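Overview (structure and organization)
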Amino acid sequence: MQKQRSWRFTHTLSRRPANSVKDGLRAAGQADPVPELFKEEHHHYLKALERSGVLTTVLPSLEAFPDSVFVEDPVLCLSSTAVILRPGASSRFGEAEAIRPELEKIFDQVVGLTGPGFVDGGDILLTDDIAFIGLSERTDRAGVEELRPILERHGYQIRVVTTPAGVLHFKSDCGLLDSETVFATKALADSGCFNGFKLIEAPSGEEAAANLIRVNDFVIMRTGFALTRDLLEQNGYAVITVPADEAAKVDGGLSCMSLRFSLK
Ligand code: GLY
């Protein structure tokens, strides 16, 4: 089965933040995001995607689901197939079915995990050939084993890895820069999980910039991390920065706010 390249995309699907995003899940002690500011940041995020050459589709907000702006967690896109995942937080269970009708309009095939395991999309990093899946508070072995044959049918080798303790998702700490290169925090890089890939480490103190996304000719990263920006530019990447402080308050990042895929 033909795979999509891991960083070349024609389309994205996102969802507007709800006012209820202020009640989004987060690690203890983080302030509430301000919905109006979140919406402004989301606007910049969509502009960055458009500048990267994709056609963006934006779904209306879902007040019943505070974390529904993070569309990447309930779905995995694999060329002409969308896989409806089973997010591991109970307040997010309904998001998967809410997005299904939209996926059915776009993808040739929509399949779903039935459980009992759980997988959040934020724990999956797709490269051209390898699917890294980070075990975490949200993703368990039973979920991985249900997802495995679907990924293998699409030509991926599976590498089951561990999301660092205290980190919500595997991709909170890393992002793909190109087919051979991963950007990651030192903690994740030192774990050895990316053996075989070229690694660029997040500068000390800028770990919160590790959740970046490569979209066609651009790397999209958070505003406010000058060392990271310089490092990426020195390595030849064209960078777009977008503010994401409100998303970060609810442990969200740039990868979580879109599904990125290629349609023929
Ligand atoms: N706030 C994002 C999540 O916990 O899923």
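In this text, all values refer to a predicted model and were calculated from it rather than measured experimentally.

1. Looking at helix α1 (residues 35-51)
Along its 17 residues, α1 runs 24 Å from first to last C-alpha, staying within 8% of the 24 Å computed at 1.5 Å per residue. When we look at burial in α1, the residues that qualify are P35, F38, E41, H42, Y45, L46, A48 and L49. Looking straight down α1, one finds its buried side chains confined to an arc of 155°; they lie on one side. Opposite the buried face of α1, at more than 90 degrees from it, the exposed residues are E40 and R51. A positive phi of about 95° marks G53, the residue just after α1.

2. Structural notes on the site of the ligand
Surveying the vicinity of the ligand reveals the residues L25, D67, F70, R92, R138, L168 and V250. R138 is positioned such that a nitrogen or oxygen atom in its side chain is 2.6 Å from an oxygen atom of the ligand. Contact distances for the ligand include 2.6 Å between a nitrogen atom and a backbone N or O atom of V250. Burial of the ligand by the surrounding chains reaches 98%, relative to a free accessible area of 200 Å². Looking at the shell around the ligand residue by residue, the class counts come to four nonpolar, no polar and three charged.

What counts and how
- Along each chain, the written sequence defines residue order, and numbers are assigned to residues from 1.
- Since the coordinates come from a predicted model, pLDDT governs what is reported: local features require at least 70, and pairs of side-chain atoms require 80 or more to be given and counted, while whole-chain, interface and lining totals use all residues.
- To get the side-chain values, take all heavy atoms of the structure and skip hydrogens and water.
- To qualify as a helix, a DSSP run of H or I must reach at least 4 residues; to qualify as a strand, a run of E must reach at least 2; elements of each kind are numbered from the N terminus.
- To estimate how far a helix should reach, multiply one less than its number of residues by 1.5 Å.
- Buried, partly exposed and exposed residues are distinguished by accessible area as a fraction of the type maximum, computed with a 1.4 Å probe on protein chains only: under 20%, between the cut-offs, and over 50%, respectively.
- In this description, the arc belongs to the directions extending from the helix axis to the C-beta atoms.
- Nearness here has a simple test: a residue counts as near a molecule or strand if at least one of its heavy atoms is within 4 Å of that partner.
- Any pair of N or O atoms that falls within 3.5 Å is considered a polar contact. Within protein, one atom must be able to donate a hydrogen and the other to accept it, and sequence-neighbouring residues count only if both atoms are side-chain atoms.
- With residues, only the protein chains shown are counted as cover, and all accessible areas are computed by Shrake-Rupley using a 1.4 Å probe.
- Under the scheme applied, nonpolar residues are Ala, Val, Leu, Ile, Met, Phe, Trp, Tyr, Cys and Pro; charged residues are Asp, Glu, Lys and Arg; polar residues are all the others, including Gly.

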